[in-house]
Amino acid sequence: MTAVSVTLIVLLVTRESDTAGETDPPAPTSDPQHSPYLIGVGRADCTGPPAEIPLMGYAQSSQLAAGIHTRLYSRAFIVDDGRKRVVFVTADVGMISQRLRLEVLRALRVKYGDLYRQDNVALSGTHTHCGLGGFFQYTLFMLSSKGYIPESVQPLVDGIVKSIDIAHRNMRPGRIYRKRGDLGGSSLNRSPHSYMNNPEEERHRYETNTDNQVVVLKFTDLDGDGIGMLSWFAVHAVSMNYTNRMVSSDNMGHASYLMEQDKNPGELPGQGGFVAGFSSSNLGDVTPNIKGPFCINTMKPCDYLNSSCPVGGTKMCQAFGPGNDMFESTRIIGHNIYMKAKVSTCKPALGHSFAAGTTDGGGDLNFTQGATDGDPFWNGIRDALVGPPSNETQDCHHPKPILFSTGEINWPLPWHPQIIDVQIITVGSVAIVAVPGEFTTMSGRRLRAAVKQELESDGVNRDWEVVLAGLSNVYTHYITTFEEYQVQRYEGASTIFGPHTLSAYLQKYAGLARAIAQDEVSKLPPGPEPPFFEKNLFNLLSAATLDRKPDNTSFGDVLQQVYPVYRPVRPSDKTFVTVEIFDNRTETWEIVHTDASWETRFHWLKGSNRQSNATVEWHIPATAQAGSYRIQHFGHCKQLKGLQTVITPYSGSSDTFTVTPSFYHL
């Protein structure tokens, strides 16, 4: 749903809080159980210098940084329930070393006193194997990463602290929602022989030898608008293999990239208010290289017990991801994780098959059930009457061809509700689930099963009778299963919130049932109130009254003129690369990609005689806008002038080139 009324599940946090610190957010109320949390989210760059510093993870001495695949970020989340405050940071780094944690805590103590300290600040690494090393203080780790490297440590410390600073400044009242699901096809146990050595009884409790659980926390403000999310999934960030020398956030970072680009439309990577953290979990024996290990010299499976090859030993045994190369594998695994965390409903819309009717009463026009392609004739009439659906809504509802994008039409009033009540009433051991629409047979069965499972989770009452009371409280047409939705008969075309409508309802009703079972209903916050329109809903407007204007003015006078000159803010201080398109209307260059973008790759190669080379690649997507482009590179050079070392900025720009529409891309 766009928002949910009545009651919603809220997560409780348990950490100690203090009120000191600079620029403190508003003080919480005295009754946190019935009040919103204070929530802050923040993101900051922690990439560091992408040249000649060892990459941390594979322990390959030859794997020195030489460019950027994607930038690295620290993402901070602060939650205060009125009594206790916690900070959780997930950073694009191989791991959090003790030295790194101590340096961050020292910096926080200087800025905030005892507000953020050892017992309420948790730092976690995504476990990318393509971030800079050199942030350890113990001998073994220093040996594998060429020692303690301040040039690597300082950007990490600064980035983590800055992300916490931003989250601290942005704290506001809000709510937290929890979701759990399973993600298959994105992980593989790389030591199945060891796993099988666990007790059989214990292994039989689980369906797979990898932990496929995905847990998501969604953070919203009091209006229900998302401000961030935090997710955990167990998989190694090793889709980018040990041959790579570009700094990369790998699959988990790509999931964050996709979610943040989705939630911050029009913003460059690393910008925008919505912060999406994808954190590591129990990934010790879990690989994203799901094709499994093969001997790269024979392409036969490696030895099961010792993961070696007859010729070449363990060096020849290598696992492969789902893509044709490491870049595609990173994209696929990251996209899978992102999609599992993203699952959400769409703005309301009705499909073409809605107009076909059912076997109980067919439509009068030439519409048929099962239509997954729109009719150009009716689409043209729709566009002329109410306008076309947005690309976002069309993509969200796929494979439904949209007849009316009702969630994007608000005249003379909204065409469909966007705040939906979910409610469960219990009478003894009978649970009456009041559902806001027409559930199909299987979707109703799934909802009953989910509610019953949660009600009986306390182990006390095992005899709950769950009934669905349809068409209750608010009407939202139909609710099909995801599988039924793909067929796009009348019911699927009338599932107005898109293919994941049932999943959203399952989450909300299961949360209500859980609260009932745990006797915590009183702790649930109310959701937003639906609008109450006045009774004369379609009363036509009377003739407009006369307009008045101030003395000595005319209608159409400009009250405040524009400034004569505006300058765009250039992010060149935080990027080595920009891809820019020329705007013919303003005759200016507009940045469309930086080195944080998935489509760009920045390679740095140290040449002979202290002459280094930078190579910039732009992998042009099929969706790129046609036009004139240029690529710019920004950097700093270190020179000796007299007896002093001077570091000066430089930049270079390609010639203008043209991108034309692909012959194969519609």
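Quick caveat, the model's predicted, so the values are computed rather than measured.

Chemist: Residues and numbers for the packing of aromatic side chains, please.
Modeler: Working definition: an aromatic ring pair is given by the centre-to-centre distance plus the angle between the planes. A complete count under the given rule lists 16 aromatic pairs for this structure. Between Trp411 and Trp415, the aromatic rings sit 5.9 Å apart at their centres with planes inclined by 70°, giving edge-to-face as the arrangement. What makes Trp411 partly exposed here is its relative accessible area of 49%. When the centroid spacing of 5.2 Å and the interplanar angle of 10° are considered together, the rings of Phe576 and Phe602 count as stacked. Taken together, the residues span a long stretch of sequence, with Phe576 in the loop between helix H13 (501-517) and strand E27 (577-583) and Phe602 in strand E29 (residues 600-605) at a distance of 26 residues. Grouping aromatic residues by their ring pairs yields a cluster made of Phe135, Phe136 and Phe141. The aromatic ring of Tyr242 is capped on one face by Lys315, whose charged end is 5.0 Å from the ring centroid.

Chemist: Report on the sheet that holds strand E12 (residues 226-232), specifying residues and quantitative values.
Modeler: The strand order E7-E6-E5-E2-E9-E11-E12-E13 describes an open sheet built from 8 strands, whose pairing is mixed. Looking along the sheet, the strands with just one partner apiece sit at the ends: strand E7 (121-125) and strand E13 (275-279). Taken over all neighbouring pairs, the strand axes of this sheet differ in orientation by 25° on average, direction set aside. With 8 bridges connecting them, strand E2 (residues 37-45) and strand E5 (residues 73-80) associate as antiparallel partners. Across the sheet, Gly40 pairs through a bridge with Ile78, a residue of E5.

Chemist: A description of the side chain of Glu599 should follow, citing residues and the corresponding values.
Modeler: By secondary structure assignment, the location of Glu599 is in the loop between strand E28 (588-594) and E29. There is no salt bridge for the buried Glu599, and the closest opposite charge comes from Arg601, which lies 9.6 Å off by N-O distance. Side chain to side chain, Glu599 and Tyr257 meet in a polar contact 3.4 Å long.

Chemist: Go over the nonpolar core with me, naming the residues and quoting the values.
Modeler: Counting residues in hydrophobic clusters, the biggest one holds 40 residues, and the most contacted among them are Val104, Leu108, Tyr116, Phe135 and Ile164. Mapped onto this core, the elements with two or more residues apiece are strand E3 (51-56), E5, strand E6 (85-91), helix H1 (98-112), E7, helix H3 (150-169) and helix H7 (326-342). At 7 residues, H3 tops the list of elements feeding residues into this core. Setting aside residues up to four positions removed in sequence, Ile164 forms contacts with Ala76, Ile78, Val87, Val89, Leu108 and Tyr116.

Chemist: Let's hear about the state of the cysteines: which residues, and what values?
Modeler: As enumerated under the stated definition, the model contains 2 disulfides in all. Between the sulfur atoms of Cys295 and its disulfide mate Cys309 the distance is 2.2 Å. Classification of the bridge connecting Cys295 and Cys309 rests on its S-S torsion, roughly -110°, and on that basis the disulfide is left-handed. Of the two residues, Cys295 sits in strand E15 (residues 292-295) while Cys309 sits in the loop between E15 and strand E16 (317-320), which places them 14 residues apart along the sequence. By relative accessible area, which is 1% here, Cys295 ends up buried. Here Cys302 pairs with Cys317 through a disulfide, and the sulfurs are 2.2 Å apart. Here Cys302 and Cys317 share a disulfide; its torsion about the S-S bond, 115°, makes the bridge right-handed. Of this pair, Cys302 sits in the loop between E15 and E16 while Cys317 sits in strand E16, and the two are 15 residues apart along the sequence. As far as the burial class goes, Cys302 and Cys317 line up, both buried.

Reading the values: the criteria
- Residues numbered from 1 in each chain as written.
- Predicted model: local features only at pLDDT ≥ 70, side-chain atom pairs only at ≥ 80, totals over all residues.
- Heavy atoms only, no water.
- Phe/Tyr/Trp six-rings, centres within 6.5 Å; stacked < 30°, edge-to-face > 60°.
- Buried < 20%, exposed > 50% of the residue type's maximum accessible area, 1.4 Å probe, protein only.
- Helix = DSSP H or I, 4+ residues; strand = E, 2+ residues; numbered from the N terminus.
- Lys NZ or Arg CZ within 6 Å of the ring centre and 35° of its normal.
- Pairing = 2+ DSSP bridges.
- Axes fitted to C-alpha atoms, helices over the stretch in contact; angles between N-to-C directions.
- Lys, Arg positive; Asp, Glu negative; His and termini not counted.
- Salt bridge = Lys/Arg side-chain N within 4 Å of Asp/Glu carboxyl O.
- Polar contact = N/O pair within 3.5 Å; in protein donor to acceptor, adjacent residues only side chain to side chain.
- Core = buried A, V, L, I, M, F, W, Y, C linked by side-chain atoms within 4.5 Å.
- Contact = heavy atoms within 4.5 Å.
- Disulfide = S-S within 2.5 Å.

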